[in-house]
Amino acid sequence: MNIYSKDELSILREGGKRLAEIREKVAARAVPGVKTKELDAYARELIEEAGDTPAFLNYRPDGADYPYPAALCVSVNDEVVHGIPGERILEDGDIVGLDFGVKHKGFFTDSAITVPVGNISPIAWKLIEDTREALMRGIGAARGGGRIGDIGYAVESFARPLGYGIVEILGGHGVGHRQHEEPYIPNIGRRGTGPKLMSGMVLAIEPMLNLGTEKVMLGKDGYAWRTKDGSLSAHFEHTILVTDSEAEILT
Ligand code: MG
Ligand code: MG
């Protein structure tokens, strides 16, 4: 578990700010008729134009058969996370998760958003809004002196009563020196359990909520996770700095 120095944090702040700006620009292009690979190309162009490196491109997670082939993960409808962008054309009524990392001056940040494509159903809107809120609850629970389980508890105690499937086999993580660091951050949990949270830790918190059950399955490409029941899924993520009071959102 890493604790980041003042100088390192200023680099992470700048990287996170750049990531957030690019995230909003790419999100604005998620409209009917656009190919998912066009969103990827745009994200990559913006990251590289700023002099940074797309952190996901060629990243090889533990157990993967081949490195990730894009800068951006684009996960449509029942895809939960890690959708590989390609020829798929976004349609009116889709919801699309956009997830990517930026390496700025050697330091990594990570963020995701789920956006509507054209006009979406009220239930899809509610899923998006509730998943965003679940993320904010998780961030609100991350505080120096607390425990990792406080975050999962906050997400779960918000999302469970609303009837969502909370994805359990994927979760958040430390980030900064590397794309994925200790500790793993589940989106379910018990207060006061798990590793201790300390001021200076940098974490990516990322709840995934399904309209149906929590069950997900990995696709044939080895990356894209889908809901097992085909229901819609949403995902939001921020990189945050843990402090002794409210966490600071870096992205
Ligand atoms: Mg991410
Ligand atoms: Mg992440």
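Residues numbered from 1 in each chain as written. Chains lettered and ligands numbered in written order. Predicted model: local features only at pLDDT ≥ 70, side-chain atom pairs only at ≥ 80, totals over all residues. Heavy atoms only, no water.

Novice: Where do I start with the overall build of the chain in this structure?
Specialist: Along the chain, the regular secondary structure elements total four helices and 15 strands. For 251 residues, the compact-globule estimate of 2.2 N^0.38 gives 18 Å, and the C-alpha radius of gyration of the chain, at 17 Å, lies within 12% of that figure. Considering only C-alpha atoms, the chain reaches an extent of 45 × 45 × 35 Å along its principal axes. Burial statistics for the chain: of 251 residues in total, 54% are counted as buried. A sequence separation of at least 24 residues applies to 69% of the contacts in the chain between residues at least 6 apart. As presented, the chain carries roughly 10,900 Å² of accessible surface, and 50% of it is formed by carbon and sulfur atoms. A distance of 3 Å separates the average location of the 28 positive side-chain charges in the chain from that of its 37 negative side-chain charges. (Helix = DSSP H or I, 4+ residues; strand = E, 2+ residues; numbered from the N terminus. Rg over C-alpha atoms; globule rule 2.2 N^0.38 Å. Buried < 20%, exposed > 50% of the residue type's maximum accessible area, 1.4 Å probe, protein only. Contact = heavy atoms within 4.5 Å. Areas by Shrake-Rupley, 256 points an atom, 1.4 Å probe, with all protein chains shown as cover. Lys, Arg positive; Asp, Glu negative; His and termini not counted. Charge placed at Lys NZ, Arg CZ, Asp CG, Glu CD.)

Novice: Honestly, the nonpolar core in this entry has me stumped. Any pointers?
Specialist: Most often, soluble globular proteins have nonpolar side chains that are buried together. By size, the foremost hydrophobic cluster in this structure holds 66 residues, and its most contacted members are V26, L39, V96, L98, L203 and I205. Membership of the second largest hydrophobic core comes to seven residues, among which are V80, V81, V167 and V216. (Core = buried A, V, L, I, M, F, W, Y, C linked by side-chain atoms within 4.5 Å.)

Novice: Sorry, what's going on with the coordination of the magnesium ion (ligand 2) here?
Specialist: Protein coordination at the magnesium ion (ligand 2) comes from D110 (OD), H173 (NE2), E206 (OE) and E237 (OE), with a distance range of 2.1 to 2.2 Å. Each donor residue of the magnesium ion (ligand 2) belongs to the same chain, with the gaps between them written as D-x62-H-x32-E-x30-E. Between the two metals, the magnesium ion (ligand 2) and the magnesium ion (ligand 1), the spacing is 3.1 Å, and D110 donates to both. Placement of E206 in the loop between β9 (202-205) and β10 (208-210) and of E237 in the loop between β13 (233-235) and β14 (238-241) is noted, with a sequence separation of 31 residues between them. Each of the two residues, E206 as well as E237, counts as buried. (Donors = N, O, S within 2.8 Å, 3.2 Å for Na, K, Ca; no water.)

Novice: Before we go on, may I ask you to explain the pairing of β14 in this structure?
Specialist: It is a general feature of regular strands that their side chains alternate between the two faces of the sheet. What you see with β14 is no split at all: H238 and I240 on one side and T239 and L241 on the other are buried throughout. Sheet topology places β9 next to β14; four bridges connect them, and they run antiparallel. Opposite L203, over in β14, you have I240 as the bridge partner. Note: β14 against strand β15 (residues 248-249), two bridges, orientation antiparallel. The partner of I240 across the bridge, within β15, is I249. Between β14 and β15, which pair antiparallel and follow one another directly, the connecting turn spans six residues. (Pairing = 2+ DSSP bridges.)

Novice: Any chance you could explain the coordination of the magnesium ion (ligand 1) here in plain terms?
Specialist: Each donor-metal-donor angle would ideally measure 109.5 degrees in four-coordinate tetrahedral geometry, or 90 or 180 degrees in six-coordinate octahedral geometry. For the magnesium ion (ligand 1), the full set of protein donor atoms is D99 (OD), D99 (OD), D110 (OD) and E237 (OE), and the range of their distances to it is 2.0 to 2.8 Å. Given the relative accessible area of 0%, E237 is considered buried.

Novice: What exactly am I supposed to notice about the side chain of N210 here?
Specialist: Tracing the sequence through the fold places N210 in strand β10. Classification of N210 by relative accessible area gives buried; the value is 0%. Of the polar contacts made by the side chain of N210, one reaches the side chain of S233; its length is 2.7 Å. Residues within four places of N210 in sequence aside, it is in contact with V80, L127, Y164, G165, V167, K215, V216, T227, S231, L232 and S233. (Polar contact = N/O pair within 3.5 Å; in protein donor to acceptor, adjacent residues only side chain to side chain.)

In short, the description is geometric, and any link to function would need to be established separately.
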